[in-house]
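# Chain and residue survey
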Amino acid sequence: MEHGEILEFLPPSEEVCSVLVVEAVSLLAALRQRLPQAAVTVLSREQGALPAGVQWQHVDFRNMELSFPKESFAYIIAPLVFDAVLEPERLGGKFWHWLRPDGHLLTGFANI
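Description of the structure in this document. Every chain's residues receive numbers from 1 upward, in the order its sequence appears when written. In keeping with the model being predicted, local features are shown solely for residues with a pLDDT of at least 70 and side-chain atom pairs are shown and tallied solely at 80 or more, while totals for entire chains, interfaces and linings include all residues. In computing side-chain properties, one takes all heavy atoms of the structure into account and sets aside hydrogens as well as water.

## Looking at the pattern of salt bridges
The condition is simple: Salt bridges are defined by distance alone: a side-chain nitrogen of Lys or Arg within 4 Å of a carboxyl oxygen of Asp or Glu. In this description a helix means any DSSP run of H or I spanning at least four residues, a strand means any run of E spanning at least two, and both kinds are numbered starting from the N terminus.
Summed over the entire model, instances satisfying the criterion amount to 3 salt bridges. Across the pair Glu 15 and Arg 100 runs a salt bridge, and its minimum N-O distance is 3.8 Å. In this pair, Glu 15 is assigned in the segment before strand E1 (18–22) and Arg 100 in strand E5 (residues 99–108), connecting sequence segments 85 residues apart. Note that Glu 87 and Arg 90 form a salt bridge whose closest N and O atoms lie 3.9 Å from each other. Bridged by salt links that share partners, the residues Glu 15, Arg 100 and Asp 102 form one connected network.

## Observations concerning helix H2 (residues 88–98)
For an α-helix, 3.6 residues make a turn, and residues three or four places apart therefore share a direction. This is how it is decided: Only protein chains enter the accessibility calculation, which uses a 1.4 Å probe. A residue is then buried if its area is under 20% of the maximum for its type, exposed if over 50%, and partly exposed in between. The arc in question is the one traced by the directions running from the helix axis out to the C-beta atoms. In what follows, residue pairs with any heavy atoms lying within 4.5 Å of each other are defined as contacts.
Considered for burial, the residues of H2 that qualify are Leu 91, Gly 92, Phe 95 and Trp 98. The buried residues of H2 occupy an angular sector of 125 degrees when the element is viewed end-on, so they sit on one face. Away from the buried face of H2 by more than 90 degrees, exposed residues Glu 89 and Trp 96 are located. Tucked into the core, H2 has its buried residues touching E1, strand E4 (73–79) and E5.

## Details of the environment of Phe 82
As for its placement among the helices and strands, Phe 82 is situated in the loop between E4 and H2. Taking the C-alpha atoms as reference, Phe 82 lies 8.2 Å from Gly 108; in sequence the two are 26 residues apart.

## Let's talk about the packing of aromatic side chains
Going by this rule: In this scheme Phe, Tyr and Trp rings, the latter by its six-membered ring, pair at centre separations within 6.5 Å, and the angle between planes marks the pair as stacked below 30 degrees, edge-to-face above 60, and tilted otherwise.
By the definition in use, this model includes 5 aromatic pairs. For the ring pair Phe 68 and Phe 73, a centre distance of 5.1 Å and an interplane angle of 85 degrees mean the geometry is edge-to-face. Taken together, a centroid distance of 4.9 Å and an interplanar angle of 90 degrees make the contact between Phe 68 and Trp 98 edge-to-face. In this pair, Phe 68 sits in the loop between strand E3 (54–58) and E4 while Trp 98 sits in helix H2, placing the two residues 30 residues apart along the sequence. The exposure classification of Phe 68 matches that of Trp 98, with both residues buried. Following the ring pairs from residue to residue traces out a cluster consisting of Phe 68, Phe 73, Phe 82, Phe 95, Trp 98 and Phe 109.

What follows is the structure, encoded as structure tokens:
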């Protein structure tokens, strides 16, 4: 799955919501088109051009000490991140902790 294809699972909406994007800076412009009112937080080791209104944290997402309040995000978009960590179940647990009860995790895995 290409990174861009993951957004096909995200219906366009004018909803005001919060979104966490992990290591997918290339998706930000398309994400802004689908969710123009979203408050977007990015965790990335890379830096890139950011659309207006994006909160940036230049960190290594593999650092398990990351913390956000419980139920902070309506969406977490994290393609291919589980392949990059030693304890994917721990990262998944953090994601579920950060998602609202009606939230969605959009992820993918390498097809090897």
